[in-house]
Amino acid sequence: MTVKTNEKGSVTIVLFSGDLDKAIAAFVIATSAASMGKEVNIFFTFWGLNVIKREGGLIKGQNWMQKMLNIMNRGHAKKLALSKMNMAGMGPMMLKMMMAQKRVPSLREFIDMARELGVKFYACEMSMTVMGLVKEDFIDECQEIIGAVSYLSKAGDSNVNLFI
Amino acid sequence: MTVKTNEKGSVTIVLFSGDLDKAIAAFVIATSAASMGKEVNIFFTFWGLNVIKREGGLIKGQNWMQKMLNIMNRGHAKKLALSKMNMAGMGPMMLKMMMAQKRVPSLREFIDMARELGVKFYACEMSMTVMGLVKEDFIDECQEIIGAVSYLSKAGDSNVNLFI
Amino acid sequence: MTVKTNEKGSVTIVLFSGDLDKAIAAFVIATSAASMGKEVNIFFTFWGLNVIKREGGLIKGQNWMQKMLNIMNRGHAKKLALSKMNMAGMGPMMLKMMMAQKRVPSLREFIDMARELGVKFYACEMSMTVMGLVKEDFIDECQEIIGAVSYLSKAGDSNVNLFI
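Residues numbered from 1 in each chain as written. Chains lettered and ligands numbered in written order. Predicted model: local features only at pLDDT ≥ 70, side-chain atom pairs only at ≥ 80, totals over all residues.

S.K.: Let's hear about the packing of helix H1 (residues 20-35) of chain A against helix H6 (residues 148-156) of chain C: which residues, and what values?
M.R.: Closest axis-to-axis distance for the H1(A)/H6(C) pair is 9 Å, and the angle between their directions is 75°. Relative to H6(C), H1(A) is oriented roughly perpendicular. Taken together, the residues of H6(C) that come into contact with H1(A) (itself represented by A:Val28, A:Ile29, A:Ser32 and A:Ala33) are C:Ala148, C:Val149 and C:Leu152. Residues of the contact of H1(A) with H6(C), tallied by class, amount to six nonpolar, one polar and no charged. (Axes fitted to C-alpha atoms, helices over the stretch in contact; angles between N-to-C directions. Helix = DSSP H or I, 4+ residues; strand = E, 2+ residues; numbered from the N terminus. Parallel < 35°, antiparallel > 145°, perpendicular 65-115°, else oblique. Contact = placed C-beta atoms within 7 Å. Nonpolar A, V, L, I, M, F, W, Y, C, P; charged D, E, K, R; others polar.)

Structure representation (structure tokens):
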């Protein structure tokens, strides 16, 4: 087996979840790893695509089902729910205030930081097809679209793989 | 450390979740990896055992608690819920229709494809004991039952490990 | 890439979830790996910190938000909910009874076993800061507090990494 990773190793994360708390966990790990000089890839799939959706985009979809899913599934980095104790949006608001008080960056700041540190963002092709989303629906930080085979090549070369 | 994996690496997935969306994610990764020539193992545990339950099986269990859990936890590959926006079954129905429209295989088709590609299925012994399930409760594709130690030997030899 | 793991490999788990079923899955894997002679690290973060909270601790927090979160998020190893079918606490009760009947250890017993086998417990510094928790809030088994960078060094040296 040829190990192709750099000396410092690399980290590949599948971000399947669109929950604020899990997205923050993914970005804390990603930015910490990048700051250590590791190569970092995030593969956004399924609900995780919400994390990189552009703010204020139109309702997308080529048919009523995709439109309906995208209406209910609206959201972007500033509008995600919590995986537990969401309490109709109060949970995320409290978490954001608590993070700000302790000077922990917000998810949007983590996304910026990740990009500055060279973390690579990939959107999952199959999920986009199923949900009727196109490249233009995502923030500029994510302009690469790949399938599971490309994800697996990156994962196979990484010494830390996580599914979040 | 002796690396025992084949040249192309191997992938080991713990499928803990019984949610349709997560099961599909697991099978997309598994079948893609197998099509690349990688060795792939899926260890079905806890709610993930629902994915490989035989259709139309009887209510199983040796006591009222196991029976009650298995009644509420009924299901097989065609009856799983979504992790988000299940909407009393409408979410899974919509997802299935959207996948079919885009010619993405269904979970049942993914299971068949996985087996044809040589993906190995393992049921978790401890979860089966706790839930009162036996080998006959599972689809023919899954006839190997292993414990956590055997799972860990496979995981230790894999270069991609995921907990889904 | 210098592989620093011992001959038997090592396992590093991020325990993000505070659900009883997921915590049990993490400890089954951790104790099995340790019994095989592998080095095992568990990094408790976010809701996962509930697993190692001391029983009967006071409501903690330096402000009303932290206090409120900690009231609603009360709990320790004996009080966790299930990720599915919690049914106002009946689910966890049934699972505990079913595990006891089959002589599967309880979560509290798994924690003790893990420590005896040398599994290392680490609490996530950032989550503690956000939630207003201090070292004294945790059981004696967990007295090391680390950040994401230290977690990543351990993860980079492990051949099995899981996010649960």
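There's more to say after this.
S.K.: Kindly report on the sheet that holds strand E1 (residues 10-15) of chain B, identifying the contributing residues and their values.
M.R.: All names here are of chain B. Taken together, the five strands give an open sheet; going across it, the order is E4-E3-E2-E1-E5, and neighbouring strands pair in parallel fashion. Looking at the sheet topology across the chains shown, the edges are occupied by strand E4 (145-146) and strand E5 (160-163). Sheet analysis places strand E2 (residues 39-44) next to strand E3 (residues 120-124), joined by four bridges and oriented parallel. Within E3, the position partnered with Ile-42 by the bridge is Phe-121. Docked against the sheet, helix H1 (residues 20-35) engages E1 and E2, running at close to 165° with respect to E1. (Pairing = 2+ DSSP bridges.)

S.K.: How would you sum up the packing of H1(A) against helix H4 (residues 107-116) of chain A? Please name residues and give values.
M.R.: All names here are of chain A. Contact pair H1 / H4: the axes reach a minimum separation of 10 Å and the direction vectors enclose 30°. Taken as axis vectors, H1 and H4 run roughly parallel relative to one another. The two elements H1 and H4 meet at a crossing, and its hand is left-handed. In contact with Leu-20, Ala-23, Ile-24, Phe-27, Ala-30, Thr-31 and Ala-34 of H1, H4 contributes Leu-107, Phe-110, Ile-111, Met-113 and Ala-114. Classifying every residue of the contact of H1 with H4 by side-chain character gives 11 nonpolar, one polar and no charged. (Left-handed = near helix turned anticlockwise from the far one by under 90°.)

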